[in-house]
Amino acid sequence: MKKIGVALLGLGTVGGGTYEILTKNREYFKKTQNLDVEVMQILEKNIKRCEELGVDLSIVSTDIDAVVNNPNIKIIAEFFGGIEPARTFLIKALEAGKSIVTANKELFAKHWTELEAAAKKGNAGLYFEASCVGGVPIIRTLTEGMQGNHILQIKGIINGTTNYILSSMSESGTAYEDALKSAQELGFAELDPTADVEGFDAAYKLSILSSLAYHKRVPLEKVFREGISDISVCDINIGKELGMTLKLLAISKCKNGKIEARVHPVFVPSTHPLASVSGSFNAVFLNGDAVDDIMLYGRGAGALPTGSAIVSDIIFAAKKETPDRYPFMEETEINDNDFISDFSSKYYIRITANDEEGTLGKIANIFGKNNVNLLSVVQRNSNKLHSVPIVFVTSATKTSTIKKTVAEMSKLAGVDAIRAVIRVEED
Ligand code: HSE
């Protein structure tokens, strides 16, 4: 039986979950995988945490060199998160020939090329299934289950915190701040929740997934990003009345060699399967030219679900004779023409305006002047003394055109304020 020595860098939420799976299932892996996976070293400052998990303290240290220089350790699983010290440690370990397993999507999205080069230099493996969509095996699906296809589209909910917040706001009318606090208490928000609510976490994941799907480096700066911190319960409720549910979606498409990648809040029809993905769950549609749609659904965060993906990668790495390489990661030049930045969407626009003769006519004139076609207009709670909410839904319009239209509208006498501009997806 093959024996594999593993080191765990950090014993936080996911590190702890991984330790639990590896120790509980060690005998099971011997029987089913013909592998004896032994946790030989753990890098962790918090001794109380190690004791809580029942770790033998003789394998705990804070010395990365002791891990890198240990010839019995073949695989290192990293749980620090963020850029440093993870980046420095991983480069050192990869160059020393240790295979790396990680959930660190920020590090991958920003430094994949550099990590890939270090792995090549050390002839080491680099595995990151846990970096995207937690316990859902999306990377393996893209790279090993769909390689017969040209992948045309990725569309889904890939951040549990924002989905939890939007679901709470929609289902219970919970205020944004309260829903965020509750997501943090439940342990699926990032340490700094800005990464979740402003869409950075989803953008990191979309950059990684799109690169793998389209065999081309999709740098983070080519992923359009908008978060949910300005979303109000009012718009979620109006959307519901119009038959739509609000989600933070990550969408990327590859058409005729051009890639469009974006993360933003968007209304989807309430009958769409993504509309019923509730709480901290994640769900992703992958579309291939041969297989058509595949939908993956499951827990995108948490100790055991993400630990499940880490352990799967450890076993995968242990069995691989030759590490995988992604040649497209070596491209240094990115051609701007390969990416679409000014993409088109339908839009939901809510304004408040004076309830008096001619206001709506002037607004409609601005839409017309900018060639924006209106699909519906709803004026609510008409009251001559106050400004009233008016909701417009447009047909597919470029981002630049909507920005210009909204800017012109905001200057119009009679328009009190532009309250919300939210994209709408129909399919
Ligand atoms: N904060 C992330 C989420 C955890 O909410 O989905 C997994 O990346």
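Remember, it's a predicted structure, so these values are computed and weren't measured experimentally. (Residues numbered from 1 in each chain as written. Predicted model: local features only at pLDDT ≥ 70, side-chain atom pairs only at ≥ 80, totals over all residues. Heavy atoms only, no water.)

### A short note on the sheet that holds strand S4 (residues 73–78)
Pairing is parallel across the open sheet formed by six strands, whose spatial order is S3-S2-S1-S4-S5-S6. In this open sheet, the two strands that pair with only one neighbour each are strand S3 (60–61) and strand S6 (126–127). By the bridge criterion, two bridges tie strand S5 (residues 99–102) to S6 in an arrangement that is parallel. Following the sheet pairing, Val 101 is matched in S6 by Tyr 127. Relative to S4, helix H13 (residues 303–319) is tilted by about 155°, and along the sheet it contacts strand S1 (2–9), strand S2 (35–43), S4, S5 and S6. (Pairing = 2+ DSSP bridges. Helix = DSSP H or I, 4+ residues; strand = E, 2+ residues; numbered from the N terminus. Contact = heavy atoms within 4.5 Å. Axes fitted to C-alpha atoms, helices over the stretch in contact; angles between N-to-C directions.)

### Brief notes about the site of the ligand
Around the ligand, the structure places Lys 105, Asn 159, Gly 160, Thr 161, Phe 188, Ala 189, Glu 190, Asp 196, Asp 201, Lys 205, Gly 300 and Ala 301. Contact distances for the ligand include 3.5 Å between an oxygen atom and a side-chain N or O atom of Asn 159. Between the ligand and Asp 196 there is a distance of 2.7 Å, counted from a nitrogen atom to a side-chain nitrogen or oxygen. Contact with the protein chains removes 92% of the 260 Å² of surface that the ligand exposes when unbound. For the shell around the ligand, the secondary-structure elements that each account for two or more residues are helix H8 (160–172) and helix H11 (200–214). Residues belonging to the shell around the ligand are distributed by class as follows: three nonpolar, four polar and five charged. (Near = heavy atom within 4 Å. Polar contact = N/O pair within 3.5 Å; in protein donor to acceptor, adjacent residues only side chain to side chain. Areas by Shrake-Rupley, 256 points an atom, 1.4 Å probe, with all protein chains shown as cover. Nonpolar A, V, L, I, M, F, W, Y, C, P; charged D, E, K, R; others polar.)

### Things to note about the packing of aromatic side chains
With the rule as written, the count across this model stands at 14 aromatic pairs. On the numbers, 4.9 Å between centres and 55° between planes, the contact of Phe 267 with Tyr 348 is tilted. With Phe 267 in strand S10 (residues 258–269) and Tyr 348 in strand S13 (residues 344–354), this residue pair connects regions lying 81 residues apart in the sequence. In this structure Tyr 348 comes out as buried when scored by relative accessible area, which is 0%. Three or more aromatic residues joined by ring pairs make a cluster, and in this case those are Phe 108, Trp 112, Phe 128, Tyr 326 and Phe 328. Sitting above the plane of the Phe 316 ring, Arg 140 keeps its charged end 4.0 Å from the centroid. Of note, Arg 225 hangs over the ring of Phe 200, and the distance from its end group to the ring centre comes to 3.8 Å. (Phe/Tyr/Trp six-rings, centres within 6.5 Å; stacked < 30°, edge-to-face > 60°. Buried < 20%, exposed > 50% of the residue type's maximum accessible area, 1.4 Å probe, protein only. Lys NZ or Arg CZ within 6 Å of the ring centre and 35° of its normal.)

### Side note on the domain arrangement of the protein
Many analyses report the size of an interface as the accessible area lost when the parts associate. Segmentation of the protein into domains returns domain 1 (2–131), domain 2 (138–298) and domain 3 (344–424). Summarising the inter-unit geometry, the C-alpha centres of domain 2 and domain 3 are found 27 Å apart. Taking both partners together, domain 2 and domain 3 bury about 1,100 Å²; carbon and sulfur atoms supply 60% of that area. By the criterion of area lost to domain 3, the three top residues of domain 2 are Asp 235, Ile 238 and Phe 267, representing 39% of everything that side buries. Here Glu 226 ties to Arg 423 by a salt bridge, and the two come within 3.3 Å at their closest N and O atoms. If you look at where domain 2 meets domain 3, you find four residue pairs in polar contact (both at pLDDT 80 or more). Counting only elements with at least two residues in the side of domain 2 that touches domain 3, the list comes to helix H12 (233–241), strand S9 (244–255) and S10. Here the side of domain 2 that touches domain 3 gets five residues from one element, more than from any other, and that element is S10. The class makeup of the residues in the side of domain 2 that touches domain 3 is ten nonpolar, two polar and four charged. (Domains from an automatic or database assignment. Buried area = accessible area lost by both parts, 1.4 Å probe. Salt bridge = Lys/Arg side-chain N within 4 Å of Asp/Glu carboxyl O.)

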